[in-house]
Amino acid sequence: MEKKTVLITGASRGIGAAAAELFAANGYNAAINYYKSRAEAESLKEKILRRGGGAEIFRCDVSDARQAAEMTAAVKARYKTVDALINNAGIALYGLFTDLSGDDWERLSAVNISGALNVSKSVLPDMISRKSGCIINISSVLGLYGASCEVAYSAVKAALIGFTKALAKEVGPSGIRVNCVAPGVIMTDMNKNLTEEDMNALKAQTSLNAFGAPLDIAHAALFLASDTSKYITGQILSVDGGLVML
Ligand code: NAP
């Protein structure tokens with residue numbers, strides 16, 4: 001049987017990199033998208049190849065629709081199909097809403113929401129004609145609850161949730177599933193600027209009194225990409241250790 005291919009945006013580091021490793025270990029070719037971290041993407045690819053998996057790296061700024069289309073064409077040239085897309089690339093921004101600049105908002109929405117739209121648009125025509133495929137969007141618990149000093153980030157992550165629900169309805173009749181994972185606090189570079197006090201406060205708000213690991217999110221994505229979840233679409237799966245946000 002031919003191997004399936006997963007295209008993971010923002011897979012050079014953090015959650016995306018963990019997903020690439022996990023999917024490759026489970027028989028997928030991993031198409032690793034990176035933007036700035038080429039060395040990390042290369043070493044991830046080498047690691048997967050050394051373990052006997054399939055992997056290739058693809059540079060693309062997901063906020064650019066033309067680059068997204070070119071990336072998908074390159075993945076298909078290499079692996080024929082994109083069977084699963086994980087829209088994971090994202091950037092965060094912390095600060096008072098009243099200090100948010102127009103440029104900050106443009107960039108945040110361009111990467112986090114336009115990026116997911118761009119790459120989804122580029123893979124869907126083929127998925128629709130094959131009547132098979134799935135898309136998994138990585139949102140955030142902040143898209144569900146909102147957070148002070150992360151108003152713009154909460155807004156774009158909420159937009160991803162609306163995107164997931166609506167697209168699932170539109171492409172469901174074509175046999176394509178669209179779901180969303182809403183991570184809580186996961187130990188990656190994204191949180192490296194939080195103070196110890198902030199981290200302790202966040203940990204105390206989880207039922208498990210613990211932060212998550214990138215692999216926790218990767219496992220949820222693998223489940224949502226697998227046939228085990230073939231009757232699940234349009235859903236938001238929180239993976240957050242029971243986080244109850246104030
Ligand atoms: P991370 O460690 O900061 O990694 C971010 C990834 O996104 C990197 O691979 C980066 O690639 C990529 N990226 C950024 N801008 C890009 C662009 N324009 N085009 C393509 N790729 C781009 O973050 P993470 O924690 O793994 O986050 C992954 C996703 O989970 C994000 O959507 C984030 O919002 C979401 N999330 C994270 C947490 C958390 O606590 N960590 C919680 C909730 C949701 P390069 O380095 O190659 O540029």
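Since the model is a prediction, treat every value here as computed from it, not as a measurement.

So, how was this worked out
Residues numbered from 1 in each chain as written. Predicted model: local features only at pLDDT ≥ 70, side-chain atom pairs only at ≥ 80, totals over all residues. Heavy atoms only, no water. Phe/Tyr/Trp six-rings, centres within 6.5 Å; stacked < 30°, edge-to-face > 60°. Buried < 20%, exposed > 50% of the residue type's maximum accessible area, 1.4 Å probe, protein only. Near = heavy atom within 4 Å. Polar contact = N/O pair within 3.5 Å; in protein donor to acceptor, adjacent residues only side chain to side chain. Areas by Shrake-Rupley, 256 points an atom, 1.4 Å probe, with all protein chains shown as cover. Helix = DSSP H or I, 4+ residues; strand = E, 2+ residues; numbered from the N terminus. Nonpolar A, V, L, I, M, F, W, Y, C, P; charged D, E, K, R; others polar. Pairing = 2+ DSSP bridges. Axes fitted to C-alpha atoms, helices over the stretch in contact; angles between N-to-C directions. Contact = heavy atoms within 4.5 Å. Expected span 1.5 Å × (residues − 1). Parallel < 35°, antiparallel > 145°, perpendicular 65-115°, else oblique. Left-handed = near helix turned anticlockwise from the far one by under 90°.

A.B. asks: Explain the packing of aromatic side chains to me, and be specific about the residues and the numbers.
C.D. replies: The description of two aromatic rings rests on the distance between their centres and on the angle between their planes. With the rule as written, the count across this model stands at one aromatic pair. Centroid distance phenylalanine 23 to tyrosine 28: 4.8 Å. Interplanar angle 65°. Geometry classified as edge-to-face. Across the pair, tyrosine 28 and phenylalanine 23 agree in class, each one buried.

A.B. asks: Residue-level account of the site of the ligand, with values.
C.D. replies: Near the ligand there are 33 residues, and of these Ser12, Ser37, Asn88, Tyr153 and Thr188 occur at the shortest range. Between the ligand and serine 37, the relevant distance is 2.6 Å, taken from an oxygen atom to a side-chain nitrogen or oxygen of the residue. Within the complex, the protein chains bury 96% of what would otherwise be the 900 Å² of accessible surface of the ligand. Within the residue set of the shell around the ligand, elements represented by two or more residues are α1 (14-25), β2 (29-34), α4 (102-130) and α6 (151-171). Each residue belonging to the shell around the ligand can be placed in one class, and the counts come to 15 nonpolar, twelve polar and six charged.

A.B. asks: Please provide a residue-by-residue account of the sheet that holds strand β5 (residues 133-138), values included.
C.D. replies: Strand order in this open sheet of seven strands is β3-β2-β1-β4-β5-β6-β7, and the pairing throughout is parallel. For this open sheet the edge positions go to β3 (54-59) and β7 (236-239), each flanked by a neighbour on one side alone. Going across the sheet, the axis of each strand differs from the next one's by a mean of 20°, ignoring polarity. Sheet topology places β5 next to strand β6 (residues 176-183); six bridges connect them, and they run parallel. Within β6, the residue paired with isoleucine 138 across the bridge is valine 181. Across the face of the sheet, α1 comes into contact with β1 (5-8), β2, β3 and β4 (84-87) while running at roughly 175° to β1.

A.B. asks: Account for the environment of cysteine 134, naming residues and giving values.
C.D. replies: For cysteine 134, the position within the fold is in strand β5. Expressed as a C-alpha distance, the spacing of cysteine 134 and glycine 175, which sit 41 residues apart in the sequence, is 8.7 Å. In this view, cysteine 134 contacts Asp83, Ala84, Leu85, Met127, Ile176, Arg177, Leu224 and Ala225; residues no more than four positions away in its chain are not counted.

A.B. asks: Any details on helix α2 (residues 38-50)? Residues and values, ideally.
C.D. replies: Compared with the 18 Å implied by 1.5 Å per residue over 13 residues, the 18 Å span of α2 between its first and last C-alpha is a close match. In the stretch just after α2, glycine 52 is the one whose phi turns positive, near 90°.

A.B. asks: Account for the packing of helix α3 (residues 65-79) against α4, with residues named and values stated.
C.D. replies: Between α3 and α4, whose axes approach to 8 Å, the crossing angle comes to 40°. Put simply, α3 runs oblique to α4. Seen along the crossing, α3 lies across α4 with a hand that is right-handed. Here Ala65, Ala68, Ala69, Met71, Thr72 and Lys76 of α3 lie close against α4, whose contacting residues are Asn118, Val119, Ser122, Val123 and Asp126. For the contact of α3 with α4, the class distribution of residues is six nonpolar, three polar and two charged.

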